[in-house]
Amino acid sequence: MNIERIQRDSPSTAKRRFRLGYDKTTGLLLISPWLVGFFLFKLLPILASFGLSFTNFYLLEPGQTRFVGLENYARLLEDEAVGFLIVATISTAISTIPLQLVASTLLAALLSSPRLKARTALRTLFFLPSIIPGVAILFMWFGFTDPNIGWLNRFILRPLGLTGFNDLYSDAAYALLIAINSLWAIGPGMLIMLAAMQSVSSEIQEAARVDGAGPLLRFFRITLPLITPAIFFALVINLIAVFGGVILLDRGSTFRGGASPFDSYITYWIFERWQLGYAASLAWLFFALVMVVIVILFTTSRRWVYYPDRGD
Amino acid sequence: MQTHSTPPKAVVPHTYISLRRWELLGTALFNLLIFTLLIAYLFPILYIISTAFMESAQLRDRNAPPYPARQVRFEYEGKERMIYNVPYAEGQRQLALVAPGRTSSEFVDPQNPEAGLIQWEGNWRILVGVYEFHWTWENFNLLFRSLRLPQMLKNTLLLAFITEIGVLLSSIVVAYGFARFPLPGGNFLFYLMIATILIPENVTLIPTYYIFVRVLHWDGSWLPLVVPFFFGNAVYIFLLRQNFRSIPKEMDEAAMLDGAGPIRTLVSVILPQSWPVVITVSLLHFFYMWNETRQAALYLSTRRDLIPISFGIQNFQSLSPVINQLEASALLIMIVPVLVLLLSQRHFMRNLVITGAER
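Small disclaimer: the values here were computed from a predicted structure and weren't measured. Per chain, the residues get numbers from 1 upward, laid out in the order the sequence is written. Chain labels run from A onward and ligand labels from 1 onward, assigned in the order the entries are written. Under the rules for a predicted model, residues below a pLDDT of 70 receive no local features and side-chain atom pairs below 80 are neither given nor counted, while totals for whole chains, interfaces and linings still include all residues. Values shown for side chains rest on all heavy atoms present in the structure; no hydrogens or waters enter the calculation.

Remarks on the pairing of strand S5 (residues 104-108) of chain B
All names here are of chain B.
Here is step 1 of the chain: In this structure, strand S4 (residues 91-99) lies alongside S5, joined through three bridges in antiparallel fashion. By the bridge assignment, Ala99 is partnered in S5 with Glu106.
Here is step 2 of the chain: Pairing between strands requires that DSSP locate at least two bridges from one strand to the other. The way it works is that DSSP assigns letters per residue, a run of H or I at least four long becomes a helix, a run of E at least two long becomes a strand, and they are numbered from the N terminus. Between the end of S4 and the start of S5, which pair antiparallel, lie four residues.
Here is step 3 of the chain: Strand direction decides the pairing type here: S5 and strand S6 (residues 117-121), joined by five bridges, are antiparallel.

Digging into the nonpolar core
Here is step 1 of the chain: Residue types Ala, Val, Leu, Ile, Met, Phe, Trp, Tyr and Cys, when buried and joined through side-chain atoms within 4.5 Å, form a set referred to as a nonpolar core. Here the term buried applies to any residue with accessible area under 20% of the maximum for its type, exposed to any over 50%, and partly exposed to those in between, with areas from a 1.4 Å probe on protein chains only. Counting residues in hydrophobic clusters, the biggest one holds 180 residues, and the most contacted among them are Trp34(A), Phe127(A), Leu282(A), Phe178(B), Phe244(B) and Phe348(B).
Here is step 2 of the chain: Sorting elements by how many residues they give to this core places helix H4 (residues 149-180) of chain B first, with 13 residues.
Here is step 3 of the chain: Throughout, a contact is declared for two residues whenever any of their heavy atoms are within 4.5 Å. Residues in contact with Phe348(B), not counting those within four places in the same chain, are Phe127(A), Thr280(B), Leu283(B), Leu284(B), Phe287(B) and Leu341(B).
Here is step 4 of the chain: Counting nine residues, the second-largest nonpolar core is a separate cluster that includes Val86(B), Leu95(B), Trp124(B) and Leu127(B).

Focus: the confidence of the model for chain B
Residue and element names in this part refer to chain B.
Here is step 1 of the chain: Residue-level confidence of the predictor is summarised by pLDDT, bounded by 0 at the bottom and 100 at the top. With 93% of its residues at a pLDDT of 70 or more, chain B shows a mean pLDDT of 86.
Here is step 2 of the chain: The least confident element of chain B, judged by mean pLDDT, is helix H15 (residues 345-357) at 69; the most confident is H4 at 95.
Here is step 3 of the chain: Within the model, pLDDT remains below 50 along residues 1-7, and this stretch shows two contacts once partners closer than five positions in the same chain are excluded.

Here's the deal with a nonpolar patch on the surface
Here is step 1 of the chain: Together, Val36(A), Leu40(A), Leu44(A) and Leu47(A) line one region of the surface with nonpolar side chains, adding up to about 340 Å² of accessible area.
Here is step 2 of the chain: Tracing the sequence through the fold places Leu40(A) in helix H3 (residues 24-52). Patches here are clusters of residues that have more than 30% relative accessible area and form no salt bridge, with a 9 Å joining cutoff for like charges and a 5 Å cutoff for nonpolar side chains (Val, Leu, Ile, Met, Phe, Trp, Tyr). Shrake-Rupley sampling with a 1.4 Å probe provides the accessible areas, and residues are treated as covered by the protein chains on show and by no other component. Put simply, a salt bridge is a Lys or Arg side-chain nitrogen that is within 4 Å of an Asp or Glu carboxyl oxygen.

Comments concerning the packing of aromatic side chains
Here is step 1 of the chain: Each Phe, Tyr or Trp ring (for Trp, its six-membered ring) is paired with any other whose centre lies within 6.5 Å, and the angle between the two planes then decides the class: stacked below 30 degrees, edge-to-face above 60, tilted in between. Counted by the stated rule, this structure contains 48 aromatic pairs over all chains.
Here is step 2 of the chain: Here the aromatic rings of Phe50(A) and Phe54(A) are separated by 5.1 Å at their centres, their planes lie at 90 degrees, and the arrangement is edge-to-face.
Here is step 3 of the chain: Judged by its relative accessible area of 35%, Phe50(A) falls in the partly exposed class.
Here is step 4 of the chain: According to the relative accessible area criterion, Phe54(A) is buried, its value standing at 17%.
Here is step 5 of the chain: Measuring from centroid to centroid gives 5.7 Å for Tyr268(A) and Trp269(A), while their planes differ by 75 degrees, and the two rings are edge-to-face.
Here is step 6 of the chain: Residue class for Tyr268(A) comes out partly exposed when judged on its relative accessible area of 30%.
Here is step 7 of the chain: Classification of Trp269(A) as buried rests on a relative accessible area of 6%.
Here is step 8 of the chain: Among the aromatic side chains, those forming a connected cluster through ring pairs are Trp34(A), Phe38(A), Phe39(A), Phe233(A), Phe178(B), Phe190(B), Tyr191(B) and Phe238(B).
Here is step 9 of the chain: Placement of a positive charge over a ring is assigned whenever Lys NZ or Arg CZ falls within 6 Å of the ring centre and within 35 degrees of the normal to the ring plane. One cation-aromatic arrangement involves Arg75(A) over Tyr278(A); the distance from NZ or CZ to the ring centre is 3.9 Å.
Here is step 10 of the chain: A cation sits over an aromatic face here: Arg93(B) above Tyr88(B), 5.8 Å from the ring centre.

If you want it as structure tokens, here you go:
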């Protein structure tokens, strides 16, 4: 009896028994809420959208729907707005993302300095604009940039001798506003960088300091290369925001109707023209564009992102 | 100590002290720099707060100061007179305007009204007024009068509460599955989940909207806003999974050996050690729901009694944008998330930094 008991509880049996608890079926069951949600709210709609893009589906006459082949895609090529919007989306990305990355890296570096007083409070206050709702931000810019009484003209541009922000809706002014506004969404990126900087080994820093490397040299030669994974992560996050995805808050819905100009154009075809077939082909073009950018990003990341050997 | 008098040793403490001084000075300057940067960064918030308490008259006045203020008045002969800075050869005087004129105006000295009217040559419109600090609740009162704010607030809180339960329950279970269990295809499903964050909403919007509205007839109800959250959220699952993985596996193995099932292990071993990240995620979700207007605009435009507060205020202000009312609305919308962040800052910031750490 005794021997039997010992055998039953021996490590190998125990191991086998606990392995039974960690099987793939239980794993699948546990992640099934997400899996079901993925099929219902992501995969099926994406496929349905793809199917829809080959039809002339018009919301007011659903009965007239028929297969039109590549007609919608041919129309895309002739639609002058499409090329313009692709360029606009890319230029938004170019004018905001590098700015956001530099600002969040710099801010994280400054806020991780041991010389700083009240570090947590300062981090919170710099993070604060990232949780202000999009509606409030829209209202703020509307007043702040008012040509006559807004503070931008009265207290920043005019005292600096600049002519002023007379037309909020001119393209240049709008681009500038988008760039400035993007600085108010760097919170998550900044926190990721902060975390990465904290995990940079202080021994390496100390060794470099002993060898006579100044703070700038140490930042560019040690910290920066070691936090490239965090920079890459922040880059992806900012890119998603430009393309209308959501990480922290959905800021896009209030800013000129969509997160990106392309976004608003698709919304326009859905809710103002009700031509869902054409809107679906637009959405799919946009989707393809996003995927191409993401794939390019991930394939080139190996060249500049530092991947340490991970134990697990 | 005896060597104190020898010259080289005497120099050493001296340089040491001055170095320390330099360091202190550097630290002070550095802190000042960050503080200045912070003020510049939050400058627009100052604008919101200040403008929200202004009267409309101040908005039309180009000479008005940036803080809520109004022109100082003086009662003379039964009427309120505005006080201006009036330049004279001998210096500026603060006088109340009695009879404005294009080439010459008549003033009275508030300090000495008995002295009678004082003449001043020039166009009164170029004069700059004298202002005093003066603020008003009127912009907020107007919002409270025009909108059913308590009801909208109740809607937002209720929506946040329901989705909070759904998204936390599902995300915790899924994150546990991803953190501890082998899955078919290895990490493929996890990467697939991360990839879903990258899908632009517009690609899924058309079929989803059509099914919700035309097939299920869910428009005019909270269902389209609430139901998707019961299937987890990829960002939250990611954050939770990272945290669950940092808990030593031996702990839940021990529980499993004692015969606890997976859910039991999750509840009695994993969760008690994960409250910080669970609270962080629930705060993130609260910020998200408070900000939400897009789904409300899609599905709740026909039901005024069900709309959340951000959407209600946005909708109201799109009718007639008056800047001081806009800023009062902005302040009203942002005050709750800002307060929640400030009150939870120690906890929230630390955990977000830690959970973001390993990717």
